[in-house]
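# Structural overview
This is what each chain is made of:
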Amino acid sequence: MSKFWSPAVRELTPYVPGEQPRERLIKLNTNENPYPPASGVGTVLRDYPVDHLRLYPDSESRALRDALAADLGVERKHVFVGNGSDEVLALAFQTFFCQARPLEMPAISYSFYPVYCKLYGVERRTHPLDSQWCVDLDAFSADAGGIIFANPNAPTGHGHGRDAIAGLLERAKESVVLIDEAYVDFGGESAVPLMARFPNLLVTGTFSKSRSLAGLRLGYAVGSQELIEGLERVKNSFNSYPVDSLASAVAIASLDDVEHFEACREAVITTRERTRTRLEKLGFQVLPSQANFILVNHPQFDAAQLFLGLRERGILVRHFNTDVLRDYLRITIGTDDEMDSLVETLELLCG
Ligand code: PMP
(Lines give C-alpha, C1' and ligand atoms only; values in the text may rest on other atoms or scores of the structure.)
Protein backbone atom coordinates (compact mmCIF):
# COMPACT_ATOMS: atom_id res chain seq x y z
CA MET A 1 0.00 0.00 0.00
CA SER A 2 1.45 3.39 -0.93
CA LYS A 3 0.47 6.87 0.22
CA PHE A 4 0.94 7.96 -3.38
CA TRP A 5 -1.96 5.83 -4.62
CA SER A 6 -5.34 7.50 -5.07
CA PRO A 7 -8.08 6.39 -2.62
CA ALA A 8 -9.79 4.33 -5.34
CA VAL A 9 -6.58 2.47 -6.11
CA ARG A 10 -5.94 1.86 -2.38
CA GLU A 11 -9.34 0.19 -2.06
CA LEU A 12 -9.05 -1.74 -5.30
CA THR A 13 -9.03 -5.52 -5.36
CA PRO A 14 -7.11 -5.96 -8.60
CA TYR A 15 -8.30 -8.40 -11.23
CA VAL A 16 -6.12 -11.48 -11.16
CA PRO A 17 -6.13 -13.12 -14.60
CA GLY A 18 -5.70 -16.86 -15.01
CA GLU A 19 -2.12 -18.05 -14.84
CA GLN A 20 0.00 -17.88 -18.05
CA PRO A 21 2.44 -20.71 -17.29
CA ARG A 22 5.95 -20.96 -18.74
CA GLU A 23 6.11 -24.72 -18.67
CA ARG A 24 4.16 -26.79 -21.20
CA LEU A 25 0.82 -27.47 -19.60
CA ILE A 26 -2.55 -28.30 -21.08
CA LYS A 27 -3.90 -24.83 -20.68
CA LEU A 28 -7.65 -24.76 -20.09
CA ASN A 29 -7.82 -21.76 -17.75
CA THR A 30 -8.25 -18.53 -19.72
CA ASN A 31 -10.71 -19.40 -22.49
CA GLU A 32 -8.26 -19.12 -25.35
CA ASN A 33 -8.95 -20.95 -28.62
CA PRO A 34 -6.96 -24.19 -29.05
CA TYR A 35 -6.81 -23.78 -32.84
CA PRO A 36 -4.44 -21.46 -34.75
CA PRO A 37 -5.68 -18.22 -36.32
CA ALA A 38 -6.67 -18.16 -40.02
CA SER A 39 -3.75 -18.95 -42.36
CA GLY A 40 -4.02 -15.46 -43.91
CA VAL A 41 -2.83 -14.09 -40.56
CA GLY A 42 0.55 -15.79 -41.07
CA THR A 43 0.77 -14.42 -44.60
CA VAL A 44 0.14 -10.86 -43.40
CA LEU A 45 2.76 -11.17 -40.67
CA ARG A 46 5.32 -12.56 -43.10
CA ASP A 47 4.71 -10.09 -45.91
CA TYR A 48 3.87 -6.91 -43.99
CA PRO A 49 5.80 -3.94 -45.49
CA VAL A 50 7.82 -2.91 -42.43
CA ASP A 51 8.25 0.63 -43.72
CA HIS A 52 4.54 1.16 -42.98
CA LEU A 53 5.39 1.01 -39.29
CA ARG A 54 7.21 4.34 -39.63
CA LEU A 55 3.85 6.04 -40.07
CA TYR A 56 0.97 6.55 -37.64
CA PRO A 57 -2.00 4.33 -38.44
CA ASP A 58 -5.12 5.61 -40.18
CA SER A 59 -6.63 7.83 -37.52
CA GLU A 60 -10.08 6.33 -38.07
CA SER A 61 -9.15 2.66 -38.56
CA ARG A 62 -11.36 2.73 -41.63
CA ALA A 63 -10.21 -0.51 -43.30
CA LEU A 64 -10.69 -2.58 -40.16
CA ARG A 65 -13.99 -0.94 -39.25
CA ASP A 66 -15.23 -1.52 -42.81
CA ALA A 67 -14.27 -5.20 -42.63
CA LEU A 68 -15.95 -5.56 -39.23
CA ALA A 69 -19.02 -3.63 -40.35
CA ALA A 70 -19.40 -5.95 -43.36
CA ASP A 71 -19.02 -8.99 -41.11
CA LEU A 72 -21.60 -7.69 -38.62
CA GLY A 73 -24.05 -6.35 -41.21
CA VAL A 74 -23.86 -2.71 -40.09
CA GLU A 75 -22.27 0.52 -41.35
CA ARG A 76 -18.80 1.71 -40.37
CA LYS A 77 -20.19 4.59 -38.29
CA HIS A 78 -21.65 2.02 -35.89
CA VAL A 79 -18.32 0.32 -35.17
CA PHE A 80 -15.62 1.29 -32.66
CA VAL A 81 -12.34 -0.63 -32.30
CA GLY A 82 -9.79 -0.84 -29.50
CA ASN A 83 -6.92 -2.84 -28.05
CA GLY A 84 -8.87 -5.78 -26.70
CA SER A 85 -12.45 -5.60 -25.51
CA ASP A 86 -11.12 -4.92 -21.99
CA GLU A 87 -9.99 -1.54 -23.26
CA VAL A 88 -13.26 -0.90 -25.08
CA LEU A 89 -15.10 -1.78 -21.85
CA ALA A 90 -12.90 0.64 -19.87
CA LEU A 91 -13.77 3.43 -22.30
CA ALA A 92 -17.46 2.54 -22.10
CA PHE A 93 -17.37 2.78 -18.28
CA GLN A 94 -15.85 6.25 -18.50
CA THR A 95 -18.16 7.39 -21.29
CA PHE A 96 -21.53 6.09 -20.06
CA PHE A 97 -21.59 4.77 -16.52
CA CYS A 98 -20.43 7.66 -14.31
CA GLN A 99 -24.06 8.53 -13.52
CA ALA A 100 -26.05 9.57 -10.45
CA ARG A 101 -27.83 6.20 -10.42
CA PRO A 102 -25.85 2.96 -9.96
CA LEU A 103 -24.75 0.73 -12.80
CA GLU A 104 -26.60 -2.59 -12.55
CA MET A 105 -25.01 -5.98 -13.25
CA PRO A 106 -25.41 -9.63 -12.29
CA ALA A 107 -23.75 -10.69 -9.02
CA ILE A 108 -21.84 -13.27 -11.09
CA SER A 109 -20.41 -12.05 -14.38
CA TYR A 110 -17.05 -10.99 -15.78
CA SER A 111 -14.94 -10.04 -12.76
CA PHE A 112 -13.44 -7.02 -14.47
CA TYR A 113 -16.71 -5.04 -14.22
CA PRO A 114 -16.40 -4.40 -10.45
CA VAL A 115 -12.73 -3.43 -10.91
CA TYR A 116 -13.71 -0.79 -13.48
CA CYS A 117 -16.47 0.46 -11.18
CA LYS A 118 -13.92 1.05 -8.44
CA LEU A 119 -11.38 2.65 -10.81
CA TYR A 120 -13.81 5.02 -12.47
CA GLY A 121 -15.87 5.83 -9.37
CA VAL A 122 -19.00 4.08 -10.67
CA GLU A 123 -21.48 2.95 -8.04
CA ARG A 124 -22.86 -0.52 -8.69
CA ARG A 125 -25.88 -2.58 -7.80
CA THR A 126 -25.79 -6.33 -8.31
CA HIS A 127 -28.61 -8.82 -8.88
CA PRO A 128 -28.32 -12.54 -8.08
CA LEU A 129 -28.56 -15.01 -10.95
CA ASP A 130 -31.94 -16.78 -11.18
CA SER A 131 -32.55 -20.33 -9.92
CA GLN A 132 -31.11 -21.80 -13.16
CA TRP A 133 -27.97 -19.64 -12.86
CA CYS A 134 -29.05 -17.41 -15.75
CA VAL A 135 -28.77 -13.62 -15.75
CA ASP A 136 -32.08 -12.40 -14.31
CA LEU A 137 -33.13 -9.84 -16.94
CA ASP A 138 -36.31 -8.94 -15.03
CA ALA A 139 -34.27 -7.83 -12.02
CA PHE A 140 -32.74 -4.84 -13.82
CA SER A 141 -34.45 -1.51 -13.07
CA ALA A 142 -36.05 0.48 -15.85
CA ASP A 143 -34.17 3.57 -14.63
CA ALA A 144 -30.71 2.09 -13.97
CA GLY A 145 -27.61 4.29 -14.42
CA GLY A 146 -26.58 1.65 -16.98
CA ILE A 147 -26.74 -2.12 -17.30
CA ILE A 148 -23.89 -4.48 -18.14
CA PHE A 149 -23.57 -8.24 -18.45
CA ALA A 150 -21.87 -10.83 -20.59
CA ASN A 151 -24.11 -12.81 -22.96
CA PRO A 152 -23.34 -15.72 -22.88
CA ASN A 153 -22.44 -14.98 -19.31
CA ALA A 154 -19.06 -15.76 -17.78
CA PRO A 155 -18.20 -17.98 -16.03
CA THR A 156 -21.56 -19.74 -16.26
CA GLY A 157 -21.92 -20.03 -20.06
CA HIS A 158 -25.68 -19.41 -20.32
CA GLY A 159 -26.85 -17.00 -23.01
CA HIS A 160 -30.20 -15.25 -23.44
CA GLY A 161 -31.84 -15.13 -26.88
CA ARG A 162 -32.45 -11.94 -28.84
CA ASP A 163 -36.13 -11.63 -27.93
CA ALA A 164 -35.40 -11.60 -24.22
CA ILE A 165 -32.69 -8.97 -24.74
CA ALA A 166 -35.10 -6.87 -26.84
CA GLY A 167 -37.56 -6.94 -23.92
CA LEU A 168 -34.91 -5.55 -21.59
CA LEU A 169 -33.85 -2.86 -24.08
CA GLU A 170 -37.46 -1.78 -24.46
CA ARG A 171 -38.00 -1.57 -20.69
CA ALA A 172 -34.69 0.20 -19.90
CA LYS A 173 -34.93 2.69 -22.77
CA GLU A 174 -33.25 5.50 -20.84
CA SER A 175 -30.16 3.48 -19.84
CA VAL A 176 -27.18 2.32 -21.85
CA VAL A 177 -27.34 -1.49 -21.91
CA LEU A 178 -23.89 -2.94 -22.61
CA ILE A 179 -23.93 -6.56 -23.74
CA ASP A 180 -20.50 -8.14 -23.70
CA GLU A 181 -20.51 -10.79 -26.44
CA ALA A 182 -16.96 -12.09 -25.94
CA TYR A 183 -18.27 -15.68 -26.22
CA VAL A 184 -21.27 -15.31 -28.53
CA ASP A 185 -19.76 -17.21 -31.48
CA PHE A 186 -19.86 -20.54 -29.62
CA GLY A 187 -23.63 -20.93 -29.79
CA GLY A 188 -25.09 -17.67 -28.45
CA GLU A 189 -27.39 -15.27 -30.27
CA SER A 190 -25.96 -11.83 -30.99
CA ALA A 191 -27.92 -8.72 -30.09
CA VAL A 192 -26.26 -6.71 -32.90
CA PRO A 193 -29.36 -6.86 -35.19
CA LEU A 194 -31.32 -5.05 -32.43
CA MET A 195 -29.05 -2.02 -32.75
CA ALA A 196 -31.24 -0.45 -35.45
CA ARG A 197 -34.22 -0.38 -33.05
CA PHE A 198 -32.46 0.50 -29.80
CA PRO A 199 -30.11 3.50 -29.60
CA ASN A 200 -29.33 2.51 -25.98
CA LEU A 201 -27.69 -0.82 -26.98
CA LEU A 202 -23.91 -1.21 -27.01
CA VAL A 203 -22.50 -4.62 -27.91
CA THR A 204 -18.83 -5.42 -27.35
CA GLY A 205 -16.90 -8.22 -29.03
CA THR A 206 -13.37 -9.55 -29.24
CA PHE A 207 -10.90 -11.28 -31.56
CA SER A 208 -9.44 -13.14 -28.55
CA LYS A 209 -11.79 -16.13 -28.45
CA SER A 210 -13.46 -17.33 -31.65
CA ARG A 211 -10.72 -15.78 -33.81
CA SER A 212 -7.77 -17.21 -31.88
CA LEU A 213 -6.06 -13.82 -31.59
CA ALA A 214 -5.85 -13.16 -27.83
CA GLY A 215 -2.18 -12.22 -28.18
CA LEU A 216 -3.08 -9.42 -30.59
CA ARG A 217 -5.37 -7.36 -28.30
CA LEU A 218 -8.27 -6.45 -30.53
CA GLY A 219 -11.82 -5.72 -29.47
CA TYR A 220 -14.73 -3.68 -30.74
CA ALA A 221 -18.05 -2.12 -29.91
CA VAL A 222 -21.16 -1.84 -32.06
CA GLY A 223 -23.92 0.63 -31.33
CA SER A 224 -25.91 3.64 -32.40
CA GLN A 225 -23.98 6.58 -33.76
CA GLU A 226 -24.55 8.57 -30.59
CA LEU A 227 -22.96 5.85 -28.44
CA ILE A 228 -20.01 5.39 -30.82
CA GLU A 229 -19.42 9.15 -30.90
CA GLY A 230 -19.36 9.13 -27.09
CA LEU A 231 -16.60 6.52 -27.10
CA GLU A 232 -14.69 8.50 -29.72
CA ARG A 233 -14.69 11.53 -27.42
CA VAL A 234 -13.04 9.59 -24.62
CA LYS A 235 -10.43 7.51 -26.50
CA ASN A 236 -6.73 8.35 -26.48
CA SER A 237 -5.49 9.89 -29.70
CA PHE A 238 -3.13 7.44 -31.41
CA ASN A 239 -3.26 4.74 -28.80
CA SER A 240 -6.50 2.89 -28.36
CA TYR A 241 -8.20 3.95 -31.54
CA PRO A 242 -7.10 3.57 -34.19
CA VAL A 243 -5.63 0.19 -33.41
CA ASP A 244 -2.10 -0.26 -34.71
CA SER A 245 -1.55 -0.86 -38.41
CA LEU A 246 -0.20 -4.38 -38.10
CA ALA A 247 -2.98 -5.57 -35.77
CA SER A 248 -5.48 -4.05 -38.15
CA ALA A 249 -4.07 -5.94 -41.17
CA VAL A 250 -4.01 -9.19 -39.19
CA ALA A 251 -7.60 -8.74 -38.02
CA ILE A 252 -8.80 -8.12 -41.58
CA ALA A 253 -7.09 -11.34 -42.72
CA SER A 254 -8.91 -13.19 -39.95
CA LEU A 255 -12.29 -11.72 -40.96
CA ASP A 256 -11.62 -12.73 -44.58
CA ASP A 257 -11.43 -16.43 -43.76
CA VAL A 258 -15.02 -17.34 -42.97
CA GLU A 259 -14.43 -21.06 -43.59
CA HIS A 260 -11.68 -21.32 -40.98
CA PHE A 261 -13.74 -19.33 -38.47
CA GLU A 262 -16.76 -21.63 -38.92
CA ALA A 263 -14.67 -24.79 -38.74
CA CYS A 264 -12.96 -23.73 -35.49
CA ARG A 265 -16.09 -22.68 -33.70
CA GLU A 266 -17.93 -25.83 -34.75
CA ALA A 267 -15.01 -27.94 -33.52
CA VAL A 268 -15.11 -26.17 -30.13
CA ILE A 269 -18.89 -26.67 -29.84
CA THR A 270 -18.67 -30.39 -30.75
CA THR A 271 -15.83 -30.97 -28.28
CA ARG A 272 -17.71 -29.07 -25.57
CA GLU A 273 -20.77 -31.31 -25.87
CA ARG A 274 -18.64 -34.46 -26.04
CA THR A 275 -16.78 -33.37 -22.89
CA ARG A 276 -20.05 -32.62 -21.13
CA THR A 277 -21.35 -36.14 -21.72
CA ARG A 278 -18.12 -37.71 -20.48
CA LEU A 279 -17.93 -35.54 -17.35
CA GLU A 280 -21.57 -36.22 -16.52
CA LYS A 281 -20.77 -39.95 -16.64
CA LEU A 282 -18.12 -39.28 -13.97
CA GLY A 283 -20.77 -37.70 -11.75
CA PHE A 284 -20.02 -34.05 -12.54
CA GLN A 285 -22.79 -31.50 -12.86
CA VAL A 286 -22.10 -29.45 -15.98
CA LEU A 287 -23.96 -26.18 -16.53
CA PRO A 288 -25.37 -25.83 -20.08
CA SER A 289 -22.95 -23.63 -22.01
CA GLN A 290 -23.06 -21.54 -25.17
CA ALA A 291 -19.44 -20.49 -24.68
CA ASN A 292 -15.99 -22.07 -25.13
CA PHE A 293 -15.89 -23.15 -21.49
CA ILE A 294 -17.97 -25.17 -19.06
CA LEU A 295 -18.59 -24.60 -15.37
CA VAL A 296 -18.65 -27.90 -13.50
CA ASN A 297 -18.88 -29.25 -9.99
CA HIS A 298 -18.76 -32.68 -8.43
CA PRO A 299 -20.98 -33.31 -5.42
CA GLN A 300 -18.40 -35.64 -3.82
CA PHE A 301 -15.09 -33.96 -4.58
CA ASP A 302 -13.65 -30.66 -3.44
CA ALA A 303 -13.07 -28.32 -6.43
CA ALA A 304 -9.91 -26.80 -4.93
CA GLN A 305 -8.42 -30.30 -4.50
CA LEU A 306 -9.37 -31.28 -8.04
CA PHE A 307 -7.78 -28.05 -9.30
CA LEU A 308 -4.52 -28.93 -7.51
CA GLY A 309 -4.66 -32.57 -8.63
CA LEU A 310 -5.05 -31.49 -12.25
CA ARG A 311 -2.31 -28.86 -11.88
CA GLU A 312 0.13 -31.48 -10.53
CA ARG A 313 -0.61 -33.63 -13.55
CA GLY A 314 0.00 -30.79 -16.02
CA ILE A 315 -3.55 -29.55 -16.63
CA LEU A 316 -4.50 -26.01 -15.78
CA VAL A 317 -8.17 -25.09 -15.24
CA ARG A 318 -9.74 -22.15 -13.36
CA HIS A 319 -10.87 -22.23 -9.75
CA PHE A 320 -12.43 -19.02 -8.40
CA ASN A 321 -11.95 -18.61 -4.69
CA THR A 322 -15.23 -16.81 -4.05
CA ASP A 323 -18.12 -17.91 -1.79
CA VAL A 324 -20.52 -18.73 -4.63
CA LEU A 325 -18.03 -20.34 -7.02
CA ARG A 326 -15.82 -22.20 -4.52
CA ASP A 327 -17.33 -25.60 -5.45
CA TYR A 328 -16.89 -25.10 -9.20
CA LEU A 329 -14.20 -25.38 -11.83
CA ARG A 330 -14.30 -23.47 -15.08
CA ILE A 331 -12.79 -25.50 -17.88
CA THR A 332 -11.91 -24.01 -21.26
CA ILE A 333 -12.67 -26.25 -24.24
CA GLY A 334 -9.39 -27.35 -25.84
CA THR A 335 -8.72 -29.84 -28.62
CA ASP A 336 -10.22 -33.34 -28.43
CA ASP A 337 -6.82 -34.69 -27.32
CA GLU A 338 -6.54 -32.11 -24.55
CA MET A 339 -10.06 -32.88 -23.34
CA ASP A 340 -9.31 -36.63 -23.44
CA SER A 341 -6.35 -35.99 -21.11
CA LEU A 342 -8.57 -33.89 -18.85
CA VAL A 343 -11.28 -36.54 -18.61
CA GLU A 344 -8.75 -39.35 -18.07
CA THR A 345 -7.05 -37.38 -15.28
CA LEU A 346 -10.38 -36.62 -13.63
CA GLU A 347 -11.27 -40.32 -13.87
CA LEU A 348 -8.10 -41.00 -11.91
CA LEU A 349 -8.76 -38.26 -9.34
CA CYS A 350 -12.44 -39.15 -8.84
CA GLY A 351 -12.07 -42.91 -9.15
N1 PMP B 1 -15.40 -10.00 -21.64
C2 PMP B 1 -15.40 -11.21 -21.08
C3 PMP B 1 -16.69 -11.76 -20.56
C4 PMP B 1 -14.22 -11.95 -20.97
O5 PMP B 1 -14.22 -13.15 -20.37
C6 PMP B 1 -13.01 -11.40 -21.49
C7 PMP B 1 -11.71 -12.15 -21.46
N8 PMP B 1 -11.30 -12.66 -20.28
C9 PMP B 1 -13.06 -10.12 -22.04
C10 PMP B 1 -14.27 -9.46 -22.12
C11 PMP B 1 -11.83 -9.43 -22.52
O12 PMP B 1 -11.36 -9.92 -23.69
P13 PMP B 1 -10.22 -9.20 -24.54
O14 PMP B 1 -9.72 -8.02 -23.75
O15 PMP B 1 -9.16 -10.24 -24.73
O16 PMP B 1 -10.86 -8.78 -25.80
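Residues numbered from 1 in each chain as written. Predicted model: local features only at pLDDT ≥ 70, side-chain atom pairs only at ≥ 80, totals over all residues. Heavy atoms only, no water.

### What about the site of the ligand?
Applied cut-off: Whether a residue is near a molecule or strand depends on its heavy atoms: if one lies within 4 Å, it is near. Counting of polar contacts relies on pairs of N or O atoms within 3.5 Å, with two restrictions inside protein: one atom must be capable of donating a hydrogen and the other of accepting it, and residues adjacent in sequence are counted only when both atoms are side-chain atoms. The method behind every accessible area is Shrake-Rupley, applied with a 1.4 Å probe, and residues are considered shielded solely by the protein chains displayed. Gly falls in the polar group here, along with every residue not listed as nonpolar (Ala, Val, Leu, Ile, Met, Phe, Trp, Tyr, Cys, Pro) or charged (Asp, Glu, Lys, Arg).
Around the ligand lies a shell formed by Gly84, Ser85, Asp86, Tyr110, Ala150, Asp180, Ala182, Tyr183, Thr206, Ser208, Lys209 and Arg217. A distance of 3.0 Å separates an oxygen atom of the ligand from a polar backbone atom of aspartate 86. Within the side chain of tyrosine 110, an N or O atom sits 3.5 Å from a nitrogen atom of the ligand. For the ligand, the accessible surface in isolation is 400 Å², of which the surrounding protein chains cover 92%. The residue makeup of the shell around the ligand, split by class, is 4 nonpolar, 4 polar and 4 charged.

### Remarks on unusual backbone geometry
Applicable threshold: Strands are runs of DSSP state E lasting at least two residues, helices are runs of H or I lasting at least four, and both sets are numbered from the N terminus onward. Partly exposed describes any residue whose relative accessible area lies between the buried limit of under 20% and the exposed limit of over 50%, with all areas from a 1.4 Å probe on protein chains only and scaled to the type maximum.
Here asparagine 151 and proline 152 are connected by a cis peptide whose omega angle stands at -5 degrees. Mapping proline 152 onto the fold places it in the loop between β5 (147-150) and α6 (162-171). The omega angle of the peptide bond from alanine 154 to proline 155 is 5 degrees, so this bond is cis rather than trans. Looking at the element boundaries, proline 155 is found in the loop between β5 and α6. In the Ramachandran plot, serine 212 falls in the positive-phi region, its phi being about 55 degrees despite a non-glycine side chain. Mapped onto the fold, serine 212 is located in the loop between β7 (201-206) and β8 (219-223). Serine 212 sits in the buried class, given a relative accessible area of 15%. Non-glycine residue arginine 217 carries a positive phi angle of around 70 degrees. Relative to the helices and strands, arginine 217 is located in the loop between β7 and β8.

### Observations concerning the domain arrangement of the protein
To keep it simple, the criterion reads: How far each domain reaches was decided by an automatic or database domain assignment. Residue contacts are defined here by distance: any two heavy atoms, one from each residue, within 4.5 Å place the two residues in contact. Two parts placed together each lose some accessible area under a 1.4 Å probe, and adding up what both lose gives the buried area. Only one rule defines a salt bridge in this text: a Lys or Arg side-chain nitrogen within 4 Å of an Asp or Glu carboxyl oxygen.
Examined at the domain level, the protein breaks down into domain 1 (7-36 + 259-350) and domain 2 (39-257). The gap between the C-alpha centroids of domain 1 and domain 2 is 24 Å. Contact residues are listed per partner, giving 32 residues for domain 1 and 27 residues for domain 2. Between domain 1 and domain 2, the buried area comes to about 2600 Å², and carbon and sulfur atoms account for 63% of it. Three residues stand out in domain 1 for area buried against domain 2, namely Tyr15, Phe261 and Gln290, and they jointly supply 28% of the buried area on that side. Here domain 1 and domain 2 share 1 salt bridge between them. Note that glutamate 11 is salt-bridged to lysine 118, the shortest N-O span being 3.3 Å. Between the two partners, domain 1 and domain 2, sit 13 residue pairs in polar contact (both at pLDDT 80 or more). Counting only elements with at least two residues in the side of domain 1 that touches domain 2, the list comes to α1 (7-11), α9 (258-281) and β10 (293-297). Take the side of domain 1 that touches domain 2: its biggest share by element is 7 residues, from α9.

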